[in-house]
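Structure assessment
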Amino acid sequence: MPETATRPIRILLADDHTVMRNGLRLLLERQPNLEVVGEASDGRETVRLAESVAPDVVVLDIAMPNLNGIEAARQITASRPEAAIVILSMHSDESYVIRALKAGARAYLLKDSAEGDLIAAIHAISEGKSFFSPAISRILVEDYMRQLEQKHVEDTYELLTAREREILQLLAEGKTNKEVAAVLNLSVYTVETHRTHILQKLNLHNVPELILYAVRKGIIT
Amino acid sequence: MGPAEPVAQSRTRLVLLAGFGGLLALMAVGGFDAIQVLRQIQSRNVQIRQVFLTRNRALEHIRSSLYLSGTVVRDYLLDPELAGAADELGRLRTLRSEMASAMDAYGRSLTAGEAEPVQALQAGLTAYWDGLEPALRWSPQQRRRQGYAFVQRVLLPRRAAVLDLADRIAALNEKELNGGDERLEEMFGRFRRRLLVMLAATLSMGLVLAAVAASHILRLERQSAARYQLVMRAQNELKELSARLVKAQEEERRAISRELHDEVGQSLSALLMELGNLAAVVPRNLEPLQRHLESIRKLAESSVQVARNMSLLLRPSMLDDFGLVPALEWQARESSKRTGMAVSVEADEVSDNLPDDHNTCVYRVVQEALHNCARHAQAHSVRIRVRQTSRHILLSIQDDGRGFDARRVRGLGLVGMEERVQHLGGSFQVKSEPGRGTVLEVELPVPKELAAERAPEVQNA
Ligand SMILES: Nc1ncnc2c1ncn2[C@@H]1O[C@H](COP(=O)(O)OP(=O)(O)OP(=O)(O)O)[C@@H](O)[C@H]1O
Ligand SMILES: [Mg+2]
């Protein structure tokens, strides 16, 4: 569901690194339908601005003074769930990724790949999808493959039915139960049952973990 | 202490040797001397008694011979019809010679005071026999006439005189014996005094020696106590120093890691961004410029990667941002990626706001242990378990490698781990045997109030 061409995507930039922020602004403002509506250099300011300027997308750094990006994401998600959050960080470890997802972020980018990926990520999340830096996906997938190999365990993905796999992908892309039901022409109740089975079979507990799993499996990028 | 010590040591040795040697020699000499004196006293005693008995016997002999001779003479004079008169005379002669030899024996051992009475006795005896002599040559008529009177007037008084002399000599002999006893007593007295002196000398020398030895031992004890304290203090200082060094090193690593990650990494990322912005405004057809921009971008990208890796290897930011478990999980993945071992982390109830020192300690121990597993163990899999109880963090790192003799082998790695753990008051154990893998076990006490104190927070450089 792309936004109307007339209305640009409103973006809030949050990074304590001025050079970074300036570079980002330059990068974003070159795009025709993106608009930077605010800049913040610490976590609290970000939360405040997210309330006042009502951005569609918040580009969040993790390491920021006063309040870190993950906490800021949590608060913004709580107060303005309609704002989509993309984390832009130097950290490549999965512990950051999973925490960011749990805090409500839909996309996770490495700063060194921002230049190539940020635009795509912003478009993806403003459409309700998830997005990850290819570098991050690669790391996660490789780790997962090695674990499977070393432990000689059965790949739990094999336990899923074709329908479940379909639903897994849609959920991981960021669709709600209702949206999935609409796409697959099922009842919301059925989708919910499938979702529960999927989480059980994969030994996962929530959607962020499910998204991380999907990235590891290379189902989404 | 120092170079003066051996000299002092040899001097005290000399003093002790001389002291004990002298004491022993004194005791030996004293004992030997006492035995000698006792033997002297005893032989003297025996001698005195022997002399007394011999003389007494001689006197008794003289006395009895005297009586016998009196009786014989009386019988001879008063009984003129005596059958064996000649025999009687013979007997008398025998008696006289016996008396003379007894007298001779007596006269051989004389003290100064005895000479005169003994000579008197001898003279008395001679006079006695000489007085008898004429009567013995009397005819039976003469004997009948004058016998009785001779017996009464000559024989008995003379015999009485000689007996008197003999009594005097016996008394003298007795006196001599008593005198001998007195001299013995005196000897005993002298011996006792000598013994006392000896005893006093030995005792006092022993006392001096004991005092010297005791003071020396006490001094040694004091010295060794002082030295022990010195060593202990030095050891504690060393431990403190090494802990401070470790802490300083950790701080340094943390600072450099942050700097690399936040400053270098971010700047390079910003550079990449600007490169992108620049590339966007440089016309597509300026081929060489675009190529240069591309190669700069590649360079910056790999530099970011290097900075990120170095930063993580120095000190993973997860440790400070999210606590122990994410950092351990990262390390397990990293180690697994580099070495091919299957490294698993099982964490149970481990809080994400443990004290910084504890996080660092556990993290570094695991790091070092994984290093050993990779380098020495030839392990296929390593199992890291962390558990938190109300008072402790329990950590175990178990590998299925070739093991080693944990009681004998200890390198800087293991010593360093142990030191870290002990600095936080914990215990560190290595359980391993060749061929049976290795288990490291760590138990760290956690202050309760500390465990609940801090909230996790992502910090900024
Ligand atoms: N997990 C293990 N499996 C087999 N052997 C081990 C293991 N850990 C230690 N060792 C043995 O114990 C020795 C001492 O280990 P330690 O870590 O103290 O020193 P190091 O590894 O030799 O040197 P350093 O750690 O200072 O680089 C090692 O050389 C190795 O022989
Ligand atoms: Mg070692």
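Residues numbered from 1 in each chain as written. Chains lettered and ligands numbered in written order. Predicted model: local features only at pLDDT ≥ 70, side-chain atom pairs only at ≥ 80, totals over all residues. Heavy atoms only, no water.

1. Some details on the site of ligand 1
All names here are of chain B. Taken together, 14 residues surround ligand 1, and among them Asn-372, His-376, Asp-399, Gly-411 and Leu-414 come closest. At 3.1 Å, a side-chain N or O of Glu-368 approaches an oxygen atom of ligand 1. The contact in question runs from an oxygen atom of ligand 1 to an N or O atom on the backbone of Gly-413, over 3.3 Å. The biggest single contributor to the shell around ligand 1 is helix H8 (residues 356-377), with five residues. Split into classes, the residues belonging to the shell around ligand 1 amount to five nonpolar, six polar and three charged. (Near = heavy atom within 4 Å. Polar contact = N/O pair within 3.5 Å; in protein donor to acceptor, adjacent residues only side chain to side chain. Helix = DSSP H or I, 4+ residues; strand = E, 2+ residues; numbered from the N terminus. Nonpolar A, V, L, I, M, F, W, Y, C, P; charged D, E, K, R; others polar.)

2. Overview of empty space enclosed by the protein
Counted under the stated rule, the structure contains three cavities of 30 Å³ or more. One number sums up the size of the largest cavity: a volume of about 110 Å³. Contributing to the lining of the largest cavity are 13 residues, with His91(A), Arg258(B), Asp262(B), Ser317(B) and Asp321(B) lying nearest its centre. Of all the secondary structure elements, the ones that give two or more residues to the lining of the largest cavity are helix H4 (140-281) and helix H6 (317-321) of chain B. The biggest single contributor to the lining of the largest cavity is H4(B), with five residues. For the second largest cavity, the calculated volume is near 40 Å³. Lining the second largest cavity are Met90(A), His91(A), Ser92(A), Asp93(A), Tyr96(A), His261(B), Arg308(B), Leu312(B), Ser317(B) and Met318(B). Every element with two or more residues in the lining of the second largest cavity is listed here: helix H5 (287-314) and H6 of chain B. (1 Å grid on protein atoms, 1.4 Å probe; cavity = no way out; pocket = protein on both sides within 12 Å on 5 of 7 lines; lining within 4 Å. Points joined across faces, edges and corners; volume = space filled by probe spheres on them.)

3. Side note on the interface of chain B and chain A
Residue-level contacts link 36 residues of chain B with 34 residues of chain A. Buried area between chain B and chain A, summed over both chains or domains, comes out near 3,000 Å², and the portion from carbon and sulfur atoms is 55%. Applying the counting criterion to the chain B and chain A interface returns four salt bridges. Note that Asp112(A) and Arg308(B) form a salt bridge whose closest N and O atoms lie 3.0 Å from each other. At the junction of chain B with chain A, the criterion picks out 14 residue pairs in polar contact (both at pLDDT 80 or more). If you list the elements that add at least two residues to the side of chain B that touches chain A, you get H4, H5, H6, helix H7 (324-339) and strand E1 (342-348) of chain B. Of the residues in the side of chain B that touches chain A, the class split is 13 nonpolar, 13 polar and ten charged. (Contact = heavy atoms within 4.5 Å. Buried area = accessible area lost by both parts, 1.4 Å probe. Salt bridge = Lys/Arg side-chain N within 4 Å of Asp/Glu carboxyl O.)

4. So, the sheet that holds strand E1 (residues 9-14) of chain A
Residue and element names in this part refer to chain A. Strand order in this open sheet of six strands is E2-E1-E3-E4-E5-E6, and the pairing throughout is parallel. Pairing within the sheet leaves two strands with one partner each, and these edge strands are strand E2 (34-40) and strand E6 (131-132). Here helix H1 (residues 18-29) sits on the sheet and contacts E1, E2 and strand E4 (84-89); the angle it forms with E2, its principal contact strand, is near 165 degrees. (Pairing = 2+ DSSP bridges. Axes fitted to C-alpha atoms, helices over the stretch in contact; angles between N-to-C directions.)

5. Examining the side chain of Glu250(B)
Residue and element names in this part refer to chain B. You can see Glu-250 is positioned in helix H4. Overall, Glu-250 belongs to the buried group, its relative accessible area being 3%. Discounting chain neighbours no more than four positions away, the residues touching Glu-250 are Arg-315, Thr-360, Arg-364 and Arg-420. (Buried < 20%, exposed > 50% of the residue type's maximum accessible area, 1.4 Å probe, protein only.)

6. With respect to the nonpolar core
In terms of nonpolar packing, the biggest core is built from 98 residues, with Leu60(A), Tyr108(A), Leu168(A), Leu324(B), Ile384(B), Leu395(B) and Ile397(B) touching the most fellow members. Contacts of Leu324(B), omitting those with residues within four sequence positions, involve Leu319(B), Val350(B), Leu354(B), Asn359(B), Val362(B), Tyr363(B) and Val386(B). Leu77(B), Ala102(B), Leu121(B) and Leu125(B) belong to the second largest nonpolar core, which has 33 residues in total. (Core = buried A, V, L, I, M, F, W, Y, C linked by side-chain atoms within 4.5 Å.)

7. Focus: a nonpolar patch on the surface
Together, Val15(B), Val208(B) and Val212(B) give the surface a local cluster of nonpolar side chains, amounting to about 220 Å² of exposed area. Mapped onto the secondary structure, Val212(B) falls in helix H4. (Patch = residues over 30% accessible without salt bridge, like charges linked within 9 Å, V, L, I, M, F, W, Y side chains within 5 Å. Areas by Shrake-Rupley, 256 points an atom, 1.4 Å probe, with all protein chains shown as cover.)

8. Side note on the layout of surface pockets
Counted as a void, the largest pocket has a volume near 1,200 Å³. Breaking the lining of the largest pocket down by element, the ones donating at least two residues are helix H4 (94-102), helix H6 (134-151) and helix H10 (207-217) of chain A together with H7, E1 and strand E2 (381-388) of chain B. Top contributing element to the lining of the largest pocket by residue count: H6(A), with seven residues. Considered class by class, the residues forming the lining of the largest pocket number 15 nonpolar, nine polar and eleven charged. Put simply, the second largest pocket is a space of about 610 Å³. Looking at the second largest pocket, it is lined by 26 residues, and the ones nearest its centre are Leu110(A), Ala135(A), Arg138(A), Ile139(A) and Gln305(B). Among the secondary structure elements, those contributing two or more residues to the lining of the second largest pocket are helix H5 (114-126) and H6 of chain A together with H5 and H7 of chain B. The element contributing the most residues to the lining of the second largest pocket is H5(B), with seven residues. Of the residues assigned to the lining of the second largest pocket, the class counts are eight nonpolar, five polar and 13 charged.

9. Regarding the environment of Asp79(B)
As for its placement among the helices and strands, Asp79(B) is situated in the loop between helix H1 (4-78) and helix H2 (85-108). Note on Asp79(B): relative accessible area 35%, which makes it partly exposed.

10. Some points on the packing of aromatic side chains
Applying the stated rule across the entire model yields four aromatic pairs over all chains. Both rings, one in Tyr128(B) and one in Trp129(B), keep their centres 5.4 Å apart while their planes meet at 70 degrees; by these two values the pair is edge-to-face. Taking the relative accessible area as the measure of exposure, Tyr128(B) reaches 1% and is therefore buried. The ring of Phe322(B) has Arg99(A) lying over it, and the distance from NZ or CZ to the ring centre is 4.2 Å. Lying across the ring of Tyr157(A), Arg165(A) places its NZ or CZ 4.5 Å from the centre. (Phe/Tyr/Trp six-rings, centres within 6.5 Å; stacked < 30°, edge-to-face > 60°. Lys NZ or Arg CZ within 6 Å of the ring centre and 35° of its normal.)

Keep in mind these values describe shape, not function.
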